[in-house]
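Listed below are the residues making up each chain.
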Amino acid sequence: MSDSVNQHRTFEVLTAEPVRTWRKPRSWPADEKARLVAESFLPGANVSAIARSVGLDPSQLYAWRREALSSGAVAPLTDEPETPVQFACVEAVAAAKVEIVIGGAVVRVAGDIDPDHLAKILRAVRKA
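Everything numeric here is computed off the predicted structure, so don't read it as measured data. (Residues numbered from 1 in each chain as written. Predicted model: local features only at pLDDT ≥ 70, side-chain atom pairs only at ≥ 80, totals over all residues. Heavy atoms only, no water.)

Undergrad: Account for the overall build of the chain, with residues named and values stated.
TA: Of regular secondary structure, the chain possesses four helices and two strands. When its helices and strands are written in sequence order, the chain yields α-α-α-β-β-α. Split into buried and exposed, the 128 residues of the chain put 16% on the buried side. Partitioning the intrachain contacts of the chain with sequence separation of at least 6 by distance along the chain shows that 26% fall at a separation of at least 24. Per element, the accessible surface of the chain, about 11500 Å² overall, is 55% carbon and sulfur. (Helix = DSSP H or I, 4+ residues; strand = E, 2+ residues; numbered from the N terminus. Buried < 20%, exposed > 50% of the residue type's maximum accessible area, 1.4 Å probe, protein only. Contact = heavy atoms within 4.5 Å. Areas by Shrake-Rupley, 256 points an atom, 1.4 Å probe, with all protein chains shown as cover.)

Undergrad: I'd love a proper account of the nonpolar core, names of residues and values included.
TA: Counting residues in each nonpolar core, the largest one holds ten residues, listed as Trp28, Leu36, Val37, Val47, Ile50, Ala51, Leu56, Leu61, Trp64 and Ala68. Taken together, the elements giving at least two residues each to this core come down to helix H1 (30-40), helix H2 (47-53) and helix H3 (58-71). Ignoring sequence-local partners within four residues, the contact set of Leu56 consists of Trp28, Leu36, Ala51, Leu61 and Trp64. If you look at the next biggest cluster of nonpolar residues, it comprises six residues, including Ile100, Ile102, Val107 and Val109. (Core = buried A, V, L, I, M, F, W, Y, C linked by side-chain atoms within 4.5 Å.)

Undergrad: Account for the packing of H1 against H3, naming residues and giving values.
TA: The axes of two packed helices give the description: the angle between them and the distance between them. Axis separation between H1 and H3 bottoms out at 10 Å; the angle between their running directions is 90°. Between H1 and H3, the crossing angle belongs to the class labelled roughly perpendicular. Seen from H1, the contacting residues are Lys33, Leu36, Val37 and Ser40; seen from H3, they are Leu61, Trp64, Arg65 and Ala68. (Axes fitted to C-alpha atoms, helices over the stretch in contact; angles between N-to-C directions. Parallel < 35°, antiparallel > 145°, perpendicular 65-115°, else oblique.)

Undergrad: Could you give an account of the packing of aromatic side chains, with specific residues and numbers?
TA: According to the stated counting rule, one finds one aromatic pair in the structure shown. Their ring planes at 75° and their centres at 5.8 Å tell us that Trp28 and Trp64 sit as a pair that is edge-to-face. Highlighted residues: Trp28 in the segment before H1 and Trp64 in helix H3, separated in sequence by 36 residues. Here Trp28 matches Trp64 in class, with each residue buried. Sitting over the ring of Trp28, Arg26 keeps its end group 3.9 Å from the ring centre. Looking at Arg65, its charged tip hangs above the ring of Phe41, at a distance of 4.2 Å from the centre. (Phe/Tyr/Trp six-rings, centres within 6.5 Å; stacked < 30°, edge-to-face > 60°. Lys NZ or Arg CZ within 6 Å of the ring centre and 35° of its normal.)

Undergrad: Explain the side chain of Ser40 to me, using residue names and the numbers behind them.
TA: Relative to the elements of secondary structure, Ser40 occurs in helix H1. The contact partners of Ser40, leaving out residues within four places of it in the chain, are Ala45, Val47, Ile50, Leu61 and Arg65.

Take a look at the structure:
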């Protein structure tokens, strides 16, 4: 048995701040809630990104959206789109030229066109 009283000892003191597990509820004004809900219903809106941009949990914004829908303050989209959806008609034929119909536009190209160049042309036609 050895005497450990006279031996050199090293101690490390660890300090840490307590982790907050509860945060005080934030009070949101009604007009701010309405603005966020309206923004989240815009076409192509990302609800989670909108919520996080203002420091809100996405589930809270989804709850506000459900509340607005159930109260009748916001109605789901039921109208037809303003511009009717148009489909392209492609017919497979053995020819040196290709004709592509997009909406009201007709694109005629030679059979040996570069696919990347054709893709750029079609993107430009869709945007027009």
